[in-house]
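# A structural walkthrough
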Amino acid sequence: MKSLDARGWTALALILLLVAVPPLARTFDQNFYLLLFTRVVIMTTAAISLNLILGYGGMVSFGHAMYVGIGAYAVGISSFHGLNDGWAQMALAMAVAAVAALAIGAMSLRTKGVYFIMITLAFAQMIYFVAVGLSRYGGDDGLTVKRRSDFGLFGLKDPAVLYYVALAVMLAALWLSWRMVNSRFGLVLRGAKSNDRRMAAIGFATYRYRLAGFVVAGTMCAVAGVLLANFSDFVSPATMHWTRSGDLIVMVVLGGMGSLFGPLFGTVAFLLLEEVLSGITEAWQIIFGPLLLALVLYARGGIDGLLAKRTERGDG
Amino acid sequence: MAEPLLTIDRLVKRFGGLTATDHLSLEVMPGEVHAVIGPNGAGKTTLIAQIAGELRADAGEIRFAGEDITRLPAPARSHRGLARSFQVTSLFADMTVEDNVALAVQAHDGHSFRFLADARRDARLRDPARAVLARVGLAERGQVRAAALSHGEQRQLEIALALATRPRLLLLDEPMAGMGAEESARMIERLRGIKSQVTIVLVEHDMDAVFALADRITVLVYGRAIATGRPDEIRRNAQVREAYLGDEQAAS
Ligand SMILES: Nc1ncnc2c1ncn2[C@@H]1O[C@H](COP(=O)(O)OP(=O)(O)OP(=O)(O)O)[C@@H](O)[C@H]1O
Ligand SMILES: [Mg+2]
């Protein structure tokens, strides 16, 4: 095995810390941190999925929170109808997300740049308003999830169990994205981002690969949505508001686009900063905004880039 | 004589009011190095782009190995055996040299819906990639990022990317662009080595290279082929001298 660099050590330390959150929270009687980190871990999965297409594939999808919403509503609606089987809910969430991503991707991936951003945003807004219009399921106000998902061997009622499930999902997503970005498929995605014209010249029609990446990312993100609905015992259109999609992009950019651990770094930093700053002042975004800007301007590779400075090359 | 490998028949490409390719006809025979020369803006790059499938011709026909490919998109033409290099270097700048070439190998090794296996340890990609790098003189540079190569090395990688697809016809758009005399001379030697294995259309301003490598030359002016012939014929052609080779050469 290669020796770890600064970013590898940071990631390892962070993951060990994440594993230790529930016992630490219990020891110090700080349940609040368990909840905070549950959210961190769930959103990291969402950010990992976005990083696949945004970071590695160069597809700036401005509607990614939609898939979180799809996953959350899959839980909300099925539990409303008395179906609480977690596996079935998971399968439903992933299937709907995959179909949505396939349809949206098929149309939007024919465009580039700003058009792509606008089209993905437009579709996400459409789905958002569909959710608002679901008056039976609470419409704008959302819908309470009365019973959490039941996975047979385990339920998600115990906060520590939910946390570890979310952490396991996050680690699985991390593993999958690591394998994928270094696979033949992943190299095609990277190539398409780097130089699509050359890709065509050497014989790649990249559209179907980018579409496949888009579908994988959306499907993975829906899993985060399933967990989020269980975590908050509630789903509402706000989950897929366009500002939530913006947050996801910020997490990925902040952490370092197209780096394996970037989404983890970015999500941890984003949610902790949000927590700390909003404790100081209501107008925390006034501090957060410039901070982000500074990082993006001075550290183009995000947090991962800062950590990697000392050690040249060798990502993923 | 054998069938031409590539036949271009009254090809037309217009950019607004400008006719960049003007009823151009051209035949490339198997095994030859066919140079295309002409002044700046004559339409050489535009022609290459149409043969490679990047630009759609407005009229006319392109036949390759007996098949009409006029409407095929670029990736499909690559799979028929066409490969091009770019006048303005166009690489995967953020990837290593070996990754660059391995990707070109991968494009011709079945589909790429393989999600889990590590492509960087895939001998089916890496071995041919290294072999191609050795052929263009970049064997030692495999692990360097493409962006970190010198200009001359980037030009070598340009050709490596095209060669890695194992083409039947190689379209080279000014392979010596921006090279010093010494580098050019070495590139000529490399191309000499390659020419026995693949048919080449060579666009080049460097006349030493053209006369050293070409079996036949077509002279392009304002999108039209004003002459085609063996190097000695082209050298003697008065119209060509006037239009392209310039007075000093005409006088000498
Ligand atoms: N995409 C385009 N849109 C409009 N005009 C173009 C385009 N591409 C090329 N042209 C014009 O077409 C003509 C032919 O250009 P082309 O690049 O093919 O010339 P060239 O022979 O390769 O020149 P050079 O020796 O400088 O590389 C030029 O007048 C150029 O300005
Ligand atoms: Mg040109």
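What counts and what doesn't
- Residues numbered from 1 in each chain as written.
- Chains lettered and ligands numbered in written order.
- Predicted model: local features only at pLDDT ≥ 70, side-chain atom pairs only at ≥ 80, totals over all residues.
- Heavy atoms only, no water.
- Near = heavy atom within 4 Å.
- Polar contact = N/O pair within 3.5 Å; in protein donor to acceptor, adjacent residues only side chain to side chain.
- Areas by Shrake-Rupley, 256 points an atom, 1.4 Å probe, with all protein chains shown as cover.
- Helix = DSSP H or I, 4+ residues; strand = E, 2+ residues; numbered from the N terminus.
- Nonpolar A, V, L, I, M, F, W, Y, C, P; charged D, E, K, R; others polar.
- Phe/Tyr/Trp six-rings, centres within 6.5 Å; stacked < 30°, edge-to-face > 60°.
- Buried < 20%, exposed > 50% of the residue type's maximum accessible area, 1.4 Å probe, protein only.
- Lys NZ or Arg CZ within 6 Å of the ring centre and 35° of its normal.
- Patch = residues over 30% accessible without salt bridge, like charges linked within 9 Å, V, L, I, M, F, W, Y side chains within 5 Å.
- Salt bridge = Lys/Arg side-chain N within 4 Å of Asp/Glu carboxyl O.
- Pairing = 2+ DSSP bridges.
- Contact = heavy atoms within 4.5 Å.
- Axes fitted to C-alpha atoms, helices over the stretch in contact; angles between N-to-C directions.
- Donors = N, O, S within 2.8 Å, 3.2 Å for Na, K, Ca; no water.
- Domains from an automatic or database assignment.
- Buried area = accessible area lost by both parts, 1.4 Å probe.

Next up on the list: the site of ligand 1. All names here are of chain B. Around ligand 1 sit 14 residues, and of these Asn40, Lys44, Thr45, Thr46 and Gln87 come closest. Separating an oxygen atom of ligand 1 from a backbone N or O atom of Gly43 is a distance of 2.9 Å. At 2.7 Å, a side-chain N or O of Thr45 approaches an oxygen atom of ligand 1. Computed on the free molecule, ligand 1 has an accessible area of 630 Å², of which 61% lies beneath the protein chains in the complex. Sorting elements by how many residues they give to the shell around ligand 1 places helix α1 (residues 44–52) first, with 3 residues. When grouped by side-chain class, the residues that make up the shell around ligand 1 number 5 nonpolar, 7 polar and 2 charged.

Inspection of the entire model under this criterion finds 17 aromatic pairs over all chains. With a centroid separation of 6.2 Å and 75 degrees between ring planes, the pair formed by Phe116(A) and Phe214(A) is classed as edge-to-face. Here Phe214(A) lies in helix α8 (residues 207–232) and Phe116(A) lies in helix α5 (residues 113–133), a separation of 98 residues in the sequence. Both residues of the pair, Phe116(A) and Phe214(A), count as buried. Ring plane angle 45 degrees and centroid distance 6.3 Å describe the contact between Phe261(A) and Phe265(A), whose orientation is recorded as tilted. Exposure remark for Phe265(A): the relative accessible area of 4% places this residue in the buried category. Ring-pair connections join several aromatic residues into one group, and the members of that group are Phe185(A), Phe204(A), Tyr209(A), Phe113(B) and Phe115(B). Lying across the ring of Phe86(B), Arg84(B) places its NZ or CZ 4.0 Å from the centre. One Lys or Arg, Arg235(B), reaches over the ring of Phe211(B) and ends 4.0 Å from the middle of that ring.

Okay, a nonpolar patch on the surface next. Side chains of Leu4(A), Trp9(A), Leu12(A) and Leu16(A) sit close together on the surface and give an oily, nonpolar patch of about 410 Å² of accessible area. Relative to the elements of secondary structure, Leu4(A) occurs in the segment before α1 (6–27).

Residues and elements named next belong to chain B. Pairing is antiparallel in the open sheet, where 4 strands are placed in the order β2-β1-β4-β5. Only two strands of the sheet have a single partner each, and these edge strands are β2 (18–28) and β5 (67–68). Along the sheet face, α1 touches β1 (6–15), β2 and β4 (59–64) and points at about 120 degrees away from the line of β1.

Next up on the list: the side chain of Thr199(B). Residues and elements named next belong to chain B. Relative to the elements of secondary structure, Thr199 occurs in strand β8 (residues 199–203). Exposure remark for Thr199: the relative accessible area of 5% places this residue in the buried category. When sequence neighbours within four positions are dropped, the list of residues in contact with Thr199 reads Leu5, Val28, Met29, Pro30, Gly31, Glu32, Arg168, Leu169 and Leu170.

Let us now look at the coordination of the magnesium ion (ligand 2). Residues and elements named next belong to chain B. Coordination of the magnesium ion (ligand 2) by the protein involves Thr45 (OG1) and Gln87 (OE1), with metal-donor separations of 1.9 to 2.1 Å. Here Thr45 is found in helix α1, whereas its partner Gln87 is found in the loop between β6 (82–84) and α3 (97–106), with 42 residues between them in sequence. You can call Thr45 partly exposed: its relative accessible area is 30%. Judged by its relative accessible area of 30%, Gln87 is partly exposed.

Here the focus is the sheet that holds β8(B). Residue and element names in this part refer to chain B. In space, the 6 strands of this open sheet follow the order β6-β7-β8-β3-β9-β10, with mixed pairing throughout. Two strands lie at the open edges of the sheet, namely β6 and β10 (224–229), each paired on one side alone. On average, adjacent strands in this sheet sit at an angle of 15 degrees to one another, irrespective of strand direction. Where strand β7 (residues 169–173) meets β8, 5 bridges bridge the pair, whose relative direction is parallel. Across the sheet, the residue bridging to Asp173 is Val203, located in β8.

Before going further, it helps to spend a moment on the interface of chain B and chain A. Facing the 40 residues of chain B at the interface are 27 residues of chain A. Our count for the contact surface shared by chain B and chain A stands at 4 salt bridges. Asp109(B) is the salt-bridge partner of Arg184(A), the closest N and O atoms lying 2.9 Å from each other. Counting across the chain B and chain A interface gives 22 residue pairs in polar contact (both at pLDDT 80 or more). Those elements that place two or more of their residues in the side of chain B that touches chain A are α2 (74–80), α3, α4 (123–135) and α5 (151–163) of chain B. Counting residues per element, the side of chain B that touches chain A draws most heavily on α2(B), at 4 residues.

Residue and element names in this part refer to chain B. As assigned here, chain B comprises domain 1 (1–81 + 168–252) and domain 2 (90–166). Here the C-alpha centre of domain 2 lies 26 Å away from the C-alpha centre of domain 1. At the junction of the two partners, domain 1 supplies 17 residues and domain 2 supplies 13 residues. Carbon and sulfur atoms supply 58% of the area buried between domain 1 and domain 2, which totals about 1100 Å² over both sides. At the surface where domain 1 touches domain 2, the tally comes to 0 salt bridges. For the pair domain 1 and domain 2, the interface holds 7 residue pairs in polar contact (both at pLDDT 80 or more). For the side of domain 1 that touches domain 2, the secondary structure elements donating two or more residues are α2, β7 and α6 (181–195). Tallying contributions element by element places α6 first for the side of domain 1 that touches domain 2, with 5 residues. For the side of domain 1 that touches domain 2, the per-class residue count stands at 8 nonpolar, 4 polar and 5 charged.

Residue and element names in this part refer to chain A. Tracing the sequence through the fold places Asn230 in helix α8. When its relative accessible area of 0% is taken as the criterion, Asn230 is described as buried. A distance of 2.7 Å separates a polar side-chain atom of Asn230 from the backbone nitrogen of Ser149. Those residues in contact with Asn230 that lie beyond four places of it in its chain are Val75, Arg148, Ser149, Leu156 and Leu162.

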